[in-house]
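Observations on chain architecture
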Amino acid sequence: MYRDRLVRFAVLTGVVLLAAAARLLPHPPNVTPIAALALFGGAHFANRWTGLGVALGALLLGDLVIGVHALVPFVYGGFAAIGVLGFWLRSDRSVGRVAGATVAGSLLFFLVTNFGMWWLFDTYPPTAAGLWACYVAGLPYLANSLAGNAVYVTALFGGVALLKRGVPALRSAPSAASA
């Protein structure tokens, strides 16, 4: 039992670290694995805080290399919210539910981070029209996020589904008794 928990945790963490490294590779704006990692962590790690922590930790490590900016609280908050969405997938990771959570997470992140952009910077007037203009200007980034999240979520969730064939410890659903 303990060995299975350890194997499950090690494999899931390895998958997360591999995906997190992709953030450091050249990529189009907003096409990174972090949202997928947050959703994946919330859905797969038995301890919900570990699931959130792994994704946010990967984001932090990347930020230490790439740099930080004023939107960090909004970015981290958006990814944490996506991780919480992953909790909804813990008992049923069907394609439809994962796809719905991927779209919902992308939209949630878009709304949170663009609000932060509007709130923190003088780029747009502090009015409803300014907020709307900020959201409209961010639509190309939303399209990139949706595409990137679809690819990374498919790779993470699909990859673990394939790994389950050879790693029996991954076959159990996350619970307090597993890693």
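Every value quoted in this text rests on a predicted model; they were computed, and no experiment measured them.

**Things to note about empty space enclosed by the protein**
- One pass over the full model with this rule turns up one cavity of 30 Å³ or more.
- Of the voids in this model, the largest cavity is the one considered here, and its volume is about 40 Å³.
- If you trace the largest cavity, you find it lined by Ala-35, Ala-36, Leu-39, Ile-82, Ala-101, Thr-102, Gly-105, Ser-106, Asn-149 and Val-153.
- Elements with a minimum of two residues in the lining of the largest cavity: helix H2 (34-44), helix H5 (95-120) and helix H7 (139-163).
- For the lining of the largest cavity, the element with the highest residue contribution is H5, accounting for four residues.
- Here the residues of the lining of the largest cavity sort into six nonpolar, four polar and no charged.

**Digging into the nonpolar core**
- Membership of the largest hydrophobic core comes to 39 residues, with the highest contact counts inside it found for Leu-37, Phe-40, Phe-79, Leu-156 and Phe-157.
- Of all the secondary-structure elements, those providing two or more residues to this core are helix H1 (2-21), H2, helix H3 (48-66), helix H4 (72-87), H5 and H7.
- Tallying contributions element by element places H2 first for this core, with eight residues.
- Among the nonpolar cores identified, the runner-up in size contains seven residues, and Trp-118, Tyr-124, Cys-134 and Tyr-135 belong to it.

Thresholds, definitions, all that
- Residues numbered from 1 in each chain as written.
- Predicted model: local features only at pLDDT ≥ 70, side-chain atom pairs only at ≥ 80, totals over all residues.
- Heavy atoms only, no water.
- 1 Å grid on protein atoms, 1.4 Å probe; cavity = no way out; pocket = protein on both sides within 12 Å on 5 of 7 lines; lining within 4 Å.
- Points joined across faces, edges and corners; volume = space filled by probe spheres on them.
- Helix = DSSP H or I, 4+ residues; strand = E, 2+ residues; numbered from the N terminus.
- Nonpolar A, V, L, I, M, F, W, Y, C, P; charged D, E, K, R; others polar.
- Core = buried A, V, L, I, M, F, W, Y, C linked by side-chain atoms within 4.5 Å.
- Buried < 20%, exposed > 50% of the residue type's maximum accessible area, 1.4 Å probe, protein only.

Keep in mind that these numbers describe shape and distance, not what the molecule does.
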